[in-house]
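Descriptive analysis of the structure
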Amino acid sequence: MNIILLLAGLLLPATAFALPPQIPAAPALAAKSYLLYDYTSSQVLVNQNADARMEPASLTKLMTAYLVFDALKHGTLLPEQNLTVPVAAVRNISGESRMLLKAGQSVTVGELLRGLIVQSGNDAAVTLALNIAGSEAGFVDLMNREAKRLGMNNTHFVNPVGLPDAQHYSSASDLALLAAAIVRDYPQHYALFGLRDYTFNNVTQANRNRLLWIDPYADGLKTGHTETAGYCLVGSVKRDNRRLISVLLGVPSDNLRATESQKLLNFGFQYFDAVRLYQKNQPVTNVRIWKGTKSHLKVGFRQDLFLTIPKGKLAQLKAAMETRQPILAPVSSGQPLGLLKLTMDGKPYAEFPLVALEDAPLANVFSRGWDSIRLLFE
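Residues numbered from 1 in each chain as written. Predicted model: local features only at pLDDT ≥ 70, side-chain atom pairs only at ≥ 80, totals over all residues. Heavy atoms only, no water.

What to know about the overall build of the chain
Put simply, the test is: For helices the rule is a DSSP run of H or I covering at least 4 residues; for strands it is a run of E covering at least 2, with both sets numbered from the N terminus onward. Exposure categories follow from relative accessible area, calculated using a 1.4 Å probe and restricted to protein chains: below 20% of the type maximum is buried, above 50% is exposed, and the middle band is partly exposed. Two residues form a contact once any of their heavy atoms are found within 4.5 Å. To measure how exposed things are, a 1.4 Å probe is used in the Shrake-Rupley method; for residues, cover is taken only from the protein chains shown. Neither His nor the chain ends contribute to the count of charged residues, in which Lys and Arg are positive and Asp and Glu negative. Note on charges: their place is set at NZ of Lys, CZ of Arg, CG of Asp or CD of Glu.
What the chain contains, in helices and strands, is 9 helices and 17 strands. Overall, the C-alpha framework of the chain stretches about 80 × 50 × 35 Å when taken along its three principal axes. When burial is assessed residue by residue, the chain has 52% of its 378 residues classed as buried. Partitioning the intrachain contacts of the chain with sequence separation of at least 6 by distance along the chain shows that 67% fall at a separation of at least 24. By element, 52% of the accessible surface of the chain is carried by carbon and sulfur atoms, the whole surface being about 17100 Å². Taken together, the 37 basic and 30 acidic charged side chains of the chain have centroids lying 5 Å from each other.

Overview of the sheet that holds strand E8 (residues 218–226)
Strand pairing in a sheet takes place through backbone hydrogen bonds and is either antiparallel or parallel in direction. Quick reminder of the rule: Any two strands between which DSSP finds at least two bridges are classified as paired. To get an axis, fit a line to the C-alpha atoms, keeping to the stretch in contact for a helix; angles then go from 0 to 180 degrees between the N-to-C directions.
Across the sheet, which stays open at both edges, the 5 strands sit in the order E3-E2-E10-E9-E8 with antiparallel pairing between neighbours. Among the strands making up the open sheet, the edge pair consists of strand E3 (43–48) and E8. The mean angle between the axes of side-by-side strands here comes to 10°, regardless of whether they run parallel or antiparallel. The pairing of strand E9 (residues 230–239) with strand E10 (residues 242–251) spans 8 bridges and is antiparallel. Of the residues in E10, the one forming a bridge with Leu233 is Leu248. Against the sheet, helix H5 (residues 172–185) makes contact with strand E2 (33–38), E8, E9 and E10, and its axis sits at roughly 145° relative to E10, the strand it touches most. Its contacts with the sheet put helix H8 (residues 254–271) on E2, E3, E8, E9 and E10, and the angle it makes with E10 is roughly 145°.

What about the confidence of the model for the chain?
Using the following cut-off: Within a predicted model, pLDDT stands for the predictor's per-residue confidence, ranging from 0 to 100.
Counting all residues, the mean pLDDT for the chain is 90, and 94% of those residues have values of 70 or more. Confidence drops under a pLDDT of 50 for residues 1–18, and excluding neighbours within four residues, the segment shows 70 contacts in the predicted structure.

Notes on the nonpolar core
Here is the rule we go by: Think of a nonpolar core as a cluster: buried Ala, Val, Leu, Ile, Met, Phe, Trp, Tyr and Cys residues, connected wherever their side-chain atoms sit within 4.5 Å.
If you look at the biggest cluster of nonpolar residues, it comprises 65 residues, and the most contacted ones within it are Met63, Phe69, Phe193 and Val234. In contact with Phe193, not counting residues within four places along its chain, are Leu62, Ala65, Phe69, Ile117, Ile182, Asn207, Leu212, Asp219, Gly220 and Leu221. Counting residues in each nonpolar core, the second largest holds 27 residues, with Tyr278, Leu317, Ala319 and Met321 among its members.

Some details on the packing of aromatic side chains
What counts here: Working definition: rings of Phe, Tyr and Trp (its six-membered ring) pair if their centres are within 6.5 Å, and the pair is stacked with planes under 30 degrees apart, edge-to-face with planes over 60 apart, and tilted otherwise. Two thresholds decide whether a charge sits over a ring: the Lys NZ or Arg CZ must be within 6 Å of the ring centre and within 35 degrees of the ring normal.
This structure, assessed with the given rule, holds 7 aromatic pairs. Each ring, one from Tyr66 and one from Tyr186, has its centre 5.3 Å from the other, and the planes form 75°; the classification is edge-to-face. You can see Tyr66 sitting in helix H1 (residues 61–73) and its partner Tyr186 sitting in the loop between H5 and helix H6 (187–190), a full 120 residues away along the chain. The buried category is assigned to Tyr186, whose relative accessible area is 3%. Considering the side-chain rings of Phe267 and Phe272, the 6.0 Å spacing of their centres and the 70° angle between planes classify their relative orientation as edge-to-face. Accessibility expressed as a relative area gives 5% for Phe267, which makes it buried. Chaining the aromatic ring pairs together yields one cluster made of Tyr66, Phe69, Tyr186, Tyr190 and Phe193. Cation over ring: Arg288 sits above Trp290, and NZ or CZ is 3.8 Å from the ring centre.

A few points about the packing of helix H3 (residues 122–133) against helix H4 (residues 136–149)
Put simply, the rule is: Roughly parallel means an angle under 35 degrees; roughly antiparallel, over 145; roughly perpendicular, 65 to 115; everything else is oblique. When residue character is reported, Ala, Val, Leu, Ile, Met, Phe, Trp, Tyr, Cys and Pro are called nonpolar, Asp, Glu, Lys and Arg charged, and the others, Gly included, polar.
With their axes 8 Å apart at the nearest point, H3 and H4 run at an angle of 85° to one another. By the angle class used here, H3 and H4 are roughly perpendicular. Contacts between H3 and H4 pair Val126, Ala129, Leu130, Ile132 and Ala133 from the former with Glu136, Gly138, Phe139 and Leu142 from the latter. Of the residues that constitute the contact of H3 with H4, the class distribution is 7 nonpolar, 1 polar and 1 charged.

Digging into the pattern of salt bridges
Put simply, the rule is: Think of a salt bridge as a Lys or Arg side-chain nitrogen and an Asp or Glu carboxyl oxygen that are within 4 Å of each other.
Enumeration according to the criterion identifies 15 salt bridges in this entry. Ionic pairing is found between Arg149 and Glu146, a salt bridge with its closest N-O pair at 2.5 Å. Of this pair, Arg149 and Glu146 both sit in helix H4, 3 residues apart, roughly one helical turn. The exposure class of Arg149 is exposed, given its relative accessible area of 54%. The exposure class assigned to Glu146 is buried, which follows from its relative accessible area of 16%. Within the structure, one salt-bridge network assembled from shared partners comprises Arg210, Asp254 and Arg257.

What follows is the structure in structure tokens.
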């Protein structure tokens, strides 16, 4: 094992960490489960019961929207395409949110998306689901397949709208993953989540996400509510090119889900900074390689690397790089070659893979033989 000490500036983003003593404890929130996620660095800053399986209510429609965006991406739906509202979409369940569609009505995909996201219309969700998959059951299969692909390990859907069912559940952690995927994969559609209201058939309905009114930097994402789930909110705020995502489940009231979300988001912005440490493909160091056409290889990271740290704690971060020697050719670009291990105040913080930034083909037989001899003395 070869260990190379690095400067504190060569640090990588951690997925989760404990708050240092100087950072105040995260605010106590009136929610059964909650999480604060820094989208910029992919770090979880606050986690309270975040892996517990909970009823997501209309937060389910985040996955419904994600699949509609996917259909638009692949051309199976078009924004101006007219869809006919099926009878199954206009069922009238007491208390459900609706876009107020009528069976047989012709509505564009763009209108339905706004009805789904802004008005949280169950009728819009079912109309889109049936047109994409042919049946609700087929669409639910797509939802669960996508959830698995995204790593949502505590999620299972049985309908596209969020109606209560014992087998319909998700978690704060999984919903943060889904929200991040929407921001990352479909930025061209993300602005829909920031609309404060939408008018269809001369009826204006306000977005239930009160965070859009109380925080000028809030731009999403979605609310949910049933009697059994309580009030839920996946919120997002972007300040100075830094985005935080909050997830609160099981809040007692509509008002509280917004104010408690803002409290959590403010905590993240007030006590943490996100810093870009490396640009993608920027070499971190060179490592020795044997039996290749070159003797040293550049290693680094394939994506821009951001680290969220408690304010004032950069000097307490230390890093060490480990590679398992000898490294033998051939090596392909992108191949993992080592780990960067971080500590803060002497305690383990996180570790991340370093990859080859270039190829190292196998050398000719004579060079390989010479390196074999040299390795005997290493």
